[in-house]
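Observations on chain architecture
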Amino acid sequence: MKFMRVLSKSFFYILLIFDIAIFSVIIYLDKNVSDEYKIKKGDMISFDTVVPITAEYEGTRLSQSNKLNNIGEEFDVKLKAFGIIPFSNVNVEVVDELHVAVLGTPFGMKLYTEGVLVIDLTTVETKNGNINPAEDAGIKKGDYIVSVNGKKVYTNEDLAAAVESSAGNKMKFEIKRDGKTKYISFCAVLSKETGSYKIGLWVRDSSAGIGTLTFYSPATGIVCGLGHGVCDEDTGELLELNSGELVTAEIISVEKGSAGSPGQLKGKFTYSTIGAIDNNSENGVFSHLKGKISLSNLTEAALKQEVKDGEAQILCTVDGSVPKLYKCRVKKRSSAFLSPTQNMIITVTDEELLGITGGIVQGMSGSPLLQNGKLIGAVTHVLVDDPTKGYAIFAENMLETAQSVAENNKLKDAS
């Protein structure tokens, strides 16, 4: 009897350990396996995981199936750990090889917001004390002021003129906040200091900067760069653009980075048009190419599961407008397949580049990453505490947005 109790207890603990192990495996796989995959015609889906995974479609392993051969078709594929434990269903799309012109050249951005962006609020000194009428009425940092009394506002000067001409009477402000429109009414107050009417806001109507072009896609006509969106430096929010333009640029000097102090590429616009900004998204800026770009041989873009931890190359420009290849290493993050951005950690290992820049610096965002002759991604951010390292995005994620922008452009042209 005692033996049976010991045996039962041992069996219970074995089951408990087994359950914990299975649970741990599933958590690990959830972090390391995407919900969606693209594969090229004739290829098999592969997984760079510690736990072996098999993929099945309609009860047949993909390695034994000949059904995933039609470009454009999508399939619901079942994944099993160790070939026996089902843990997820993923969408698999068959795609053709996509080749792009890898760039690595500097570009300039001129961006104009939709309305004017509220970047700060400040009190106004009046004869009745310090007052902030905009804040009291509910306007917040990060709001866009689109119109005043029904008249569109495009520039800082437009807003200042509307406020002054109100003579202290109530005004109706059209506000965009988190993509939604609000209407707020209030009066300006007379500034004791300047003798003019004020509402207690600092606003911005435009922005400019330097970045690096990643690739041009002949299949879509789209050129893209940065690998991350353009955000306002004060609010940290993605800029909602009314219009914008990409132009050519060249690097004139480098401010070397160090721990705690990111460096930067300093450049000047050379003003040859690349194209209008069609999309400012979390994974880059995208434009239909209207100008001219010097194209070299086309390069195949790698799918995310083709990216391997290890040696790679970064293509960037640190002087003038001609890019050069430098050595680096890449490592996929544990959440690589769960995020549209910051999928990899890049470490600069090239002594020449480290000597010039100290590693990753501002302005290198968008610099292409190549591995085994394929474009695998682009630099996005520097790690402030260690400028030899930074984040990078998968090329596949940027290509998806480029294709979406091209499709939206076609719909606009057709309407």
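Heads up: these notes are all about the structure in this document. (Residues numbered from 1 in each chain as written. Predicted model: local features only at pLDDT ≥ 70, side-chain atom pairs only at ≥ 80, totals over all residues. Heavy atoms only, no water.)

Overview of the overall build of the protein chain
- A count of helical and extended segments in the protein chain gives five helices and 27 strands.
- With 415 residues in all, the protein chain has 47% of them scored as buried.
- Taking the contacts inside the protein chain whose residues are at least 6 apart along the sequence as the reference set, 67% of them involve residues at least 24 apart.
- Just so you have it, the protein chain exposes about 20900 Å², and 50% of that area is on carbon and sulfur atoms. (Helix = DSSP H or I, 4+ residues; strand = E, 2+ residues; numbered from the N terminus. Buried < 20%, exposed > 50% of the residue type's maximum accessible area, 1.4 Å probe, protein only. Contact = heavy atoms within 4.5 Å. Areas by Shrake-Rupley, 256 points an atom, 1.4 Å probe, with all protein chains shown as cover.)

Observations concerning the pairing of strand β2 (residues 53-57)
- Judged by how many residues are buried, β2 sits mostly within the fold: five of five residues are covered.
- Side chains of β2 alternate between two faces, with Ile53, Ala55 and Tyr57 and Thr54 and Glu56 buried alike.
- Inspection of the sheet shows β2 paired to strand β4 (residues 74-81) by four bridges, in the antiparallel sense. Following the sheet pairing, isoleucine 53 is matched in β4 by alanine 81. (Pairing = 2+ DSSP bridges.)

Some details on the environment of threonine 248
- Its place among the elements puts threonine 248 in strand β18 (residues 241-255).
- The class of threonine 248 is partly exposed, set by a relative accessible area of 21%.
- In this structure the C-alpha to C-alpha distance between threonine 248 and threonine 273, which are 25 residues apart in sequence, comes to 6.6 Å.
- Beyond its immediate sequence surroundings of up to four residues, threonine 248 is in contact with Gly108, Phe269, Thr270, Tyr271, Ser272 and Ile274.
- Within the local environment of threonine 248, its side chain forms a polar contact with the side chain of threonine 270, the two groups lying 2.5 Å apart. (Polar contact = N/O pair within 3.5 Å; in protein donor to acceptor, adjacent residues only side chain to side chain.)

Observations regarding the sheet that holds strand β26 (residues 374-382)
- Spatial ordering of the closed barrel is given by β22-β23-β24-β27-β26-β25, a layout of six strands whose pairing is antiparallel. Taking the axes of each pair of neighbouring strands and ignoring which way they run, one obtains an average angle of 45° across the sheet.
- Note: strand β22 (residues 310-316) against strand β25 (residues 368-371), two bridges, orientation antiparallel. Among the inter-strand pairings, isoleucine 314 is bridged to a residue of β25, identified as leucine 369.
- Sheet strands in contact with helix α5 (residues 395-414) are β26 and β27 (389-394), and its direction is about 45° off that of β27. (Axes fitted to C-alpha atoms, helices over the stretch in contact; angles between N-to-C directions.)

Digging into the side chain of histidine 228
- Here histidine 228 is to be found in the loop between β17 (222-225) and β18.
- Among the residues examined, histidine 228 registers a relative accessible area of 18% and is labelled buried.
- Side-chain polar atoms of histidine 228 contact the side chain of serine 365, separated by 3.2 Å.
- Setting aside its immediate chain neighbours within four residues, histidine 228 contacts Ser281, Glu282, Asn283, Gly284, Val285, Ser365, Thr380 and His381.

Section: the pairing of β25
- The alternating pattern of β25 places Pro368 and Leu370 and Leu369 and Gln371 on opposite faces, both of which are buried.
- Summarising the sheet, β25 and β26 pair through four bridges and their orientation is antiparallel. When the sheet's bridge partners are listed, glutamine 371 is paired in β26 with lysine 374.
- Here β25 folds back onto β26, and the loop between the two strands holds two residues, one of which, asparagine 372, carries a positive phi near 55°.

Let's talk about the packing of aromatic side chains
- Here the structure, examined in full by the defined rule, presents two aromatic pairs.
- Relative to phenylalanine 186, the ring of phenylalanine 173 lies with its centre 4.5 Å away and its plane at 5°, an arrangement referred to as stacked. Of this pair, phenylalanine 173 sits in strand β12 (residues 170-177) while phenylalanine 186 is found in strand β13 (residues 180-187), placing the two residues 13 residues apart along the sequence.
- Against the face of tyrosine 183 rests lysine 172, its NZ or CZ located 4.8 Å from the ring centre. (Phe/Tyr/Trp six-rings, centres within 6.5 Å; stacked < 30°, edge-to-face > 60°. Lys NZ or Arg CZ within 6 Å of the ring centre and 35° of its normal.)

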